[in-house]
Amino acid sequence: MTDSREIEREEVLTKARAAKKVAPVLATLATPDKDVVLHAAADELVERTDEILAANNNDIEDGKANGLSESLIDRLALDASRIEGIAGGLRQVASLTDPVGEVLRGGLMPNGIHMKQVRVPLGVMGMVYEARPNVTVDAFGLAIKSGNVALLRGSKSAKNSNEALVAILQDVAEKHELPRDIVQLLPCETHDSVQDLITARGLVDVVIPRGSARLIDAVVTGATVPAIETGTGNCHFYIDKDADLDEGIAMLLNGKTRRPSVCNATETALIDGALSPEDQLRVITALQEAGVTVHGDVDKLSALGVENIVAATEADWSDEYLSMDIAVQIVDGVEGAIEHIAKYSSGHTEAIASTNAYTCQKFAAEVDAAAVMVNASTAFTDGEQYGMGAEIGISTQKLHARGPMALPELTSTKWILEGTGQTRD
């Protein structure tokens, strides 16, 4: 092991030890004190906008020089409006109910012992994420409110932005007589620091990856620390023969073009083959007129009169584009849509446009995903839209947490039994 590698590993472990040491401080912090810190952090971020934007501009210039894709540049970029939005997310988290201490169930045992199951913080929460500096603040806010310490391993592409943000958050913590170690940024020069974080058993209580399929898979398969899988968003939008076509097209375009670089963007349009050829053409033309590049079966789509089609490969059906591209498939009714989704879905968000109640019910019941949208855009899979405040990620697993994860999903439970000297036979 080289000296630089040893130094990097020791930095990760030193910060993890510090996080473990201060975890009891946050676990027992009163709700009003948490909310004061969150509001103060929101105000400080807005006040120091110029400082944040200067750091972010350095990241953007470096990203462009290093050939970072347009979708990643979009995820990386901040402006005054986005910083206001990030600050607003903290204020919204402050307004939410504190989950810590919530009694989930309990009662009086026959022997007179009072028992209850209560929510408690997870402890030290490791985050591994790419590009988006807003995740730095989101993770801090949700960690504070749920009583957790945040260990953040952002990407090298956002290094300057993340350093500026974490320094501001630490300043706020210190002003409110909390340890600066309640939020820490880990080194990001090499991938080895990720491995150091996700194998720090006994120091880190949970790790949450947020980013590309490759990143998520690397964390989930390599972690010895418990991991919550946040999946990629290969989201489908199915337009049924009984859809209000104007509404269906509007929802499809919203899901695809509103912000194509995010995980809830629509990546595949499924069109009912029972629609007239004119209506099928109308859907696809609307996409192209909106500037979306259509990928699909050239022969089938050309027969409808569609031009400028990119021949689809297997990857087009299974991968995220995160760009102004979409895969289009003509399917045999709702059964064909469900079958296609079952084969290619990442389990994130699937949507249907139809006025037929039975068809909608069948789709919602049989599609296996964290979120199913019935006559709504895929863009609504979002913690803030759900009223959760800033989300920590969108889980596509089925254990503990599924869908947008916010405060309750960042807690565990403990049983507390209060007796009067009882002993067991």
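As annotated in an unreviewed UniProt entry, the protein chain carries the name Gamma-glutamyl phosphate reductase and is attributed to Corynebacterium appendicis CIP 107643. According to UniProt, the comment filed for the protein chain under the heading Sequence similarities (unreviewed entry) is "Belongs to the gamma-glutamyl phosphate reductase family." Of the comments in the UniProt record for the protein chain, the one headed Function (unreviewed entry) reads "Catalyzes the NADPH-dependent reduction of L-glutamate 5-phosphate into L-glutamate 5-semialdehyde and phosphate. The product spontaneously undergoes cyclization to form 1-pyrroline-5-carboxylate."

Caption draft 1: Empty space enclosed by the protein, seen in detail. Here the structure, examined in full by the defined rule, presents 1 cavity of 30 Å³ or more. Around the largest cavity, the lining comprises 17 residues; the ones closest to its centre are R75, R132, R210, G211 and C263. When grouped by side-chain class, the residues that make up the lining of the largest cavity number 5 nonpolar, 6 polar and 6 charged. When residues of the lining of the largest cavity are assigned to domains, at least three map to each of domain 1 (1–230 + 401–418) and domain 2 (235–386).

Caption draft 2: Geometry of the layout of surface pockets. Approximately 730 Å³ is the volume found for the largest pocket. Lining the largest pocket we find 27 residues, and of these N134, R258, R259, D382 and E384 sit closest to its centre. Contributing elements (two or more residues each) for the lining of the largest pocket: α5 (80–95) and α6 (134–145). Its residues assigned to classes, the lining of the largest pocket shows 9 nonpolar, 8 polar and 10 charged. In this model, the second largest pocket occupies a volume close to 590 Å³. What lines the second largest pocket is a set of 25 residues, and nearest its centre among them are E130, R153, S155, K156 and S157. Put simply, the parts of the chain that give the lining of the second largest pocket at least two residues each are α3 (49–65), β3 (124–129), α7 (159–175) and α9 (213–222). Classifying every residue of the lining of the second largest pocket by side-chain character gives 9 nonpolar, 8 polar and 8 charged.

Caption draft 3: Just the packing of aromatic side chains, in detail. Under the counting rule described, the total for this entry stands at 1 aromatic pair. Here the aromatic rings of Y238 and F363 are separated by 6.4 Å at their centres, their planes lie at 15°, and the arrangement is stacked. Linking Y238 in strand β7 (residues 235–239) with F363 in helix α15 (residues 357–366), this pair joins segments that are 125 residues apart in sequence. Overall, Y238 belongs to the buried group, its relative accessible area being 0%. Given the relative accessible area of 0%, F363 is considered buried.

Caption draft 4: Representation of the domain arrangement of the protein chain within the structure. Each assigned domain of the protein chain is listed here: domain 1 (1–230 + 401–418) and domain 2 (235–386). Each of domain 1 and domain 2 was reduced to a C-alpha centroid, and the two centroids are 34 Å apart. Taken together, the contacts link 9 residues of domain 1 with 13 residues of domain 2. Buried area between domain 1 and domain 2, both sides added, is near 900 Å², and the carbon and sulfur share of it is 43%. Among the residues of domain 1 in contact with domain 2, R75, R402 and P404 are the three that bury the most area, contributing 50% of the side total. Summed over the shared surface of domain 1 and domain 2, the result is 2 salt bridges. Residue D368 pairs with R402 through a salt bridge whose shortest N-O separation is 2.8 Å. On inspection of domain 1 and its partner domain 2, the count reaches 4 residue pairs in polar contact (both at pLDDT 80 or more). Counting only elements with at least two residues in the side of domain 1 that touches domain 2, the list comes to α4 (70–76), α5 and β15 (403–405).

Caption draft 5: Focus on the packing of α3 against α7. Contact pair α3 / α7: the axes reach a minimum separation of 7 Å and the direction vectors enclose 160°. Overall, the two elements α3 and α7 adopt an arrangement that is roughly antiparallel. Two packed elements cross with a definite hand, and for α3 against α7 that hand is left-handed. Contacts between α3 and α7 involve E51, I52, A55, N56, N58, D59 and D62 on the former and, on the latter, K159, N160, S161, A164, L165 and I168. Looking at the contact of α3 with α7, its residues break down into 5 nonpolar, 4 polar and 4 charged.

Caption draft 6: The sheet that holds strand β10 (residues 310–311), seen in detail. One open sheet holds the 7 strands; their spatial order is β10-β9-β11-β8-β7-β12-β13, and the pairing between them is parallel. Where the open sheet ends on each side, the last strands, each with one partner, are β10 and β13 (371–374). By the bridge criterion, 4 bridges tie strand β12 (residues 349–353) to β13 in an arrangement that is parallel. In the sheet register, E350 faces β13, and the bridge partner there is V372. Against the sheet, α15 contacts β7, β12 and β13, and its axis sits at roughly 170° relative to β12.

Caption draft 7: Representation of the pattern of salt bridges within the structure. Evaluation of the coordinates by the stated rule reveals 27 salt bridges. A salt bridge links E44 to K175; its shortest N-O distance comes to 3.4 Å. Residue E44 is found in helix α2 (residues 31–47), and its partner K175 is found in helix α7; the two are separated by 131 residues along the sequence. Under the relative-accessibility criterion, K175 is labelled exposed at 58%. Taking the shortest distance from any N to any O, the salt bridge between R282 and D246 comes out at 2.0 Å. Of the two residues, R282 sits in helix α11 (residues 277–289) while D246 sits in helix α10 (residues 245–257), which places them 36 residues apart along the sequence. You can call R282 partly exposed: its relative accessible area is 37%. Salt bridges linked by common partners bring E44, R48, E51, D171, E174, K175 and R180 together as one network.

Thresholds, definitions, all that
- Residues numbered from 1 in each chain as written.
- Predicted model: local features only at pLDDT ≥ 70, side-chain atom pairs only at ≥ 80, totals over all residues.
- Heavy atoms only, no water.
- UniProt positions renumbered as here; feature names shortened; annotations may be inferred.
- 1 Å grid on protein atoms, 1.4 Å probe; cavity = no way out; pocket = protein on both sides within 12 Å on 5 of 7 lines; lining within 4 Å.
- Points joined across faces, edges and corners; volume = space filled by probe spheres on them.
- Nonpolar A, V, L, I, M, F, W, Y, C, P; charged D, E, K, R; others polar.
- Domains from an automatic or database assignment.
- Helix = DSSP H or I, 4+ residues; strand = E, 2+ residues; numbered from the N terminus.
- Phe/Tyr/Trp six-rings, centres within 6.5 Å; stacked < 30°, edge-to-face > 60°.
- Buried < 20%, exposed > 50% of the residue type's maximum accessible area, 1.4 Å probe, protein only.
- Contact = heavy atoms within 4.5 Å.
- Buried area = accessible area lost by both parts, 1.4 Å probe.
- Salt bridge = Lys/Arg side-chain N within 4 Å of Asp/Glu carboxyl O.
- Polar contact = N/O pair within 3.5 Å; in protein donor to acceptor, adjacent residues only side chain to side chain.
- Axes fitted to C-alpha atoms, helices over the stretch in contact; angles between N-to-C directions.
- Parallel < 35°, antiparallel > 145°, perpendicular 65-115°, else oblique.
- Left-handed = near helix turned anticlockwise from the far one by under 90°.
- Pairing = 2+ DSSP bridges.

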